[in-house]
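Structural characterization, general
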Amino acid sequence: MKAAKHPPRPRRGWRTGVCIAVGALALSGCATGTDEPPSAAPPTHLSGTVQLWHHYSGREAAVVQSVVDDFEKKYPDISVDVHSAQQDTKITQVVSSGGDVDAMITNVNSTLGTACKTMADLAPYMKRDGVSLSDFQGIFAKATAFGGRRCSLPTTSDVYGLYFNKSLLARAGYTEPPRTLQQLEDMALKLTTYHKDGSIRTLGFNPLIGFQQNTSATLGHAAKAGWTKDGDSAVGSSRQWRALMSWQQKFVRKIGYNKLKTFTAGLGDEWSADNAFQAGRIAMALDGEWRVAFIQEQAKHLRYGTAPFPALAGSGQRYGGGFVSAADIGVNKRSSHKEAAWALVKYLTTDTPAAVKLANGIKNIPTLKSAATSPALDAPAPYRTFIDASKDPASDTSPVTEIGSTLTATMDDFWTGYQQGSGGGLADGLKKVDEDIDNALGLRRAK
Amino acid sequence: MTGPALIGLVVFFLYPLCANLFYSFTNYDLASPPKWIGLRNYTYLFTQDPRVGKAALNTLWFVVILVPVRMACSLGIALLLTRRKRAAGLWRTLFYLPALVPPVASVVGFVFLFNPGAGPVNTLLRTFGLKGPLWFNDPALSKPSLLLLGVWMMGDIMVIFLAALLDVPKDQYEAAELDGAGSGSKFWYITIPNISPVVLFSAVTGVIAALQYFTEAAVASSVANGKTGIDAGADQLLGYPNDSLLTFTQWMYVQGFSSFQLGYAAAMAVVLFVIAAAVMAVLLRKAGLFRQKGA
């Protein structure tokens, strides 16, 4: 009987491994294209199909489509294929994998730090076509570039401020909204009413971080609390952060964390007609300009006003501005229709009627100066507050970094624990936040 | 004949596995080509990531608590159902029904039931003069609240146990009774050895599912924080409250698809794979203890 053969030893296994590794490398591809300079003069005739990807959906997508239709009428030989309702991450993935994208709209604060690398440098196109950064309101021009590259321009923006219920304030004897955080707290405590069992019936202002638009980014602005210095985290050494967070934690304690949590958990959805401010369950709220449109649609009879969000006294913050963020639009570095895509970007960002139509439809704040002052802009009084804030020198946004929303999310995470007393010491906690942000930045910058 | 199978193996198993391993040693953000950075991702994972430790501990909690509790409850219910003669089908259907509800819908329903302000559970407690807890909004109770949901949805395992229990030869019980064995002895010496393959199957699949626990925790975090949907930006709500529901796979998702740290997410996936493989090896080794002698 023959001895059974041993199975052959996989001596060539390492070769297979190498082949697979090489294949992985090859398939990872991801060539990012180059910044080829545009032609010296603008093309006399533009044609082709431009693929536009953006994150708007539903009603807002219809508005974008309508503006794109106007663009196609202006350039009859350019057609635009619009890919709506695409999340920023998806757009970045498609662009990175060489997908057919010519122009893309993303979010400045969370995505630009990564997406900028995939976008063409617009500076030469702007210089050639006479587009100036001074055409834009406030800080939006600065906020839509990253790492010294002008990779995008702002389209529309979100501006945050204070909404107040006029009826509830009047009942408590107030005729004006607060201008400082201390006034906000005093008024909020007076406006807060309780049931017999001690639970909250109506809240003056909800100070909890994590409630709707209460984040470290939006509230941090009230204290002019800075995020970075020379590209690294600087929250640990910031007196403003310590003052702001101490104020907030004391405010939470005065009402009671558990009471606030119970009340907050029982509120309706932020984006429905049951929104706590719209339903009169909260007298004052930090929110974006979009709430004006929601109230017009869902709570027509609400007597309300808007104002800049109060500033923390002694922090150096000036009353009048607000936290802002923007949608940015750029051209894919690998686009084979760069001139047509640039024409679309230019139209969506610098054409006054187009910018007005976008703002009127989406109900965001225009970033183009001429659009913000246009008589065609539909700007009821409550909305006007946000337009004024958008150009106020005190308005600012969180910095664009390689780690996107991780910057603010790290702070939110610590603050959420701190507000209920489980975050440990404030100074040590903020130093740890510094360390965590720097470590995340270090990983991202690793070579 | 094995060609197509080999191609499938290479394309759908070997290549993703090797590519993932390769990416785990790179700095890769999708927007630029991956850069080889050696063990930097692993160093960050084990020494610097501020949330991965919490995420790993939460995942461990689900493995150690959720899996055994679900198994024990489903085995217990299955045992009771085997003894039920009248309306047996109705009872079996009733216990199985929750497993048919999509996980997202179940979580949304549960979070509503346990809403501290307006939920029926706390409203009922209030009628008895009791102050209800914050449930999903309390970091100390959020995981136990999800455990309740897990137990409610145990129908899938219960059905498997039920089938196994009904297959245990009756004559073995009869012989044991003749020898004077009690209920406990019969369960330990007859039932358990007979259903040990099913116990092992439930443990293995349960542990794998717990290591990959994502949907229920993500939806609970989002809904408990006042959002009715999982929309753009919802990933920032993952872990609410206070990271108590942040699981390893959720954090991996955030790193990969929200923070664009694809290389780091790949390193997390490698670690998860190694842990899962080690746990499975231990489980399958220990499974020998449950084997019937002579089997």
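Residues numbered from 1 in each chain as written. Chains lettered and ligands numbered in written order. Predicted model: local features only at pLDDT ≥ 70, side-chain atom pairs only at ≥ 80, totals over all residues. Heavy atoms only, no water.

1. Brief notes about the overall build of chain A
How we decide: A helix here means a DSSP run of H or I that spans at least four residues, while a strand means a run of E at least two residues long, and both kinds are numbered starting from the N terminus. Between buried and exposed lies partly exposed: a residue is buried under 20% and exposed over 50% of the maximum accessible area for its type, with that area taken using a 1.4 Å probe on protein chains only. Residue contacts follow a heavy-atom distance rule, with two residues in contact if any of their heavy atoms lie within 4.5 Å. Residue burial considers only the protein chains on display, and all accessible areas are found by Shrake-Rupley using a 1.4 Å probe. All tallies of charge rest on Lys and Arg as positive and Asp and Glu as negative; His and the ends of each chain are not included. For this purpose, a charge sits on NZ of Lys, CZ of Arg, CG of Asp or CD of Glu.
When its secondary structure is counted, chain A shows 18 helices and 12 strands. With 447 residues in all, chain A has 56% of them scored as buried. When contacts within chain A are restricted to residue pairs at least 6 apart in sequence, long-range pairs at least 24 apart make up 75% of them. Here chain A has roughly 18700 Å² of accessible surface; of this, 53% comes from carbon and sulfur atoms. Where the 50 positive side-chain charges of chain A centre and where its 42 negative ones centre are 6 Å apart.

2. Quick word on the confidence of the model for chain A
For clarity, the threshold we go by: Values of pLDDT, ranging from 0 to 100, describe the predictor's confidence in every residue of the model.
On average, residues of chain A carry a pLDDT of 90, and 92% of them reach 70 or more. Contacts for the low-pLDDT stretch residues 1-14 of chain A, under 50 throughout, to residues beyond four places or in other chains number 0 contacts.

3. Remarks on helix H8 (residues 155-166) of chain B
Residue and element names in this part refer to chain B. The following threshold applies: The span you would expect from a helix comes to 1.5 Å times its residue count less one.
In this model H8 runs 16 Å from its N-terminal to its C-terminal C-alpha over 12 residues, within 8% of the 16 Å that 1.5 Å per residue would give. Of the positions making up H8, those classed as buried are Gly 155, Ile 157, Met 158, Phe 161, Leu 162, Ala 164 and Leu 165. For H8, the secondary structure elements touched by its buried residues are helix H3 (52-83), helix H4 (88-96) and helix H10 (183-211).

4. A closer look at unusual backbone geometry
Residue and element names in this part refer to chain B. The linkage connecting Tyr 240 with the following residue, Pro 241, adopts the cis geometry, with an omega of 0 degrees. Tracing the backbone through its elements, the reader meets Pro 241 in the loop between helix H11 (215-224) and helix H12 (248-257). Positive phi, normally seen in glycine, also occurs at Trp 135, with a value near 50 degrees. Along the chain, Trp 135 turns up in the loop between helix H6 (120-127) and helix H7 (142-152). A positive phi angle is found at Asp 243, which is not glycine, with a value near 65 degrees.

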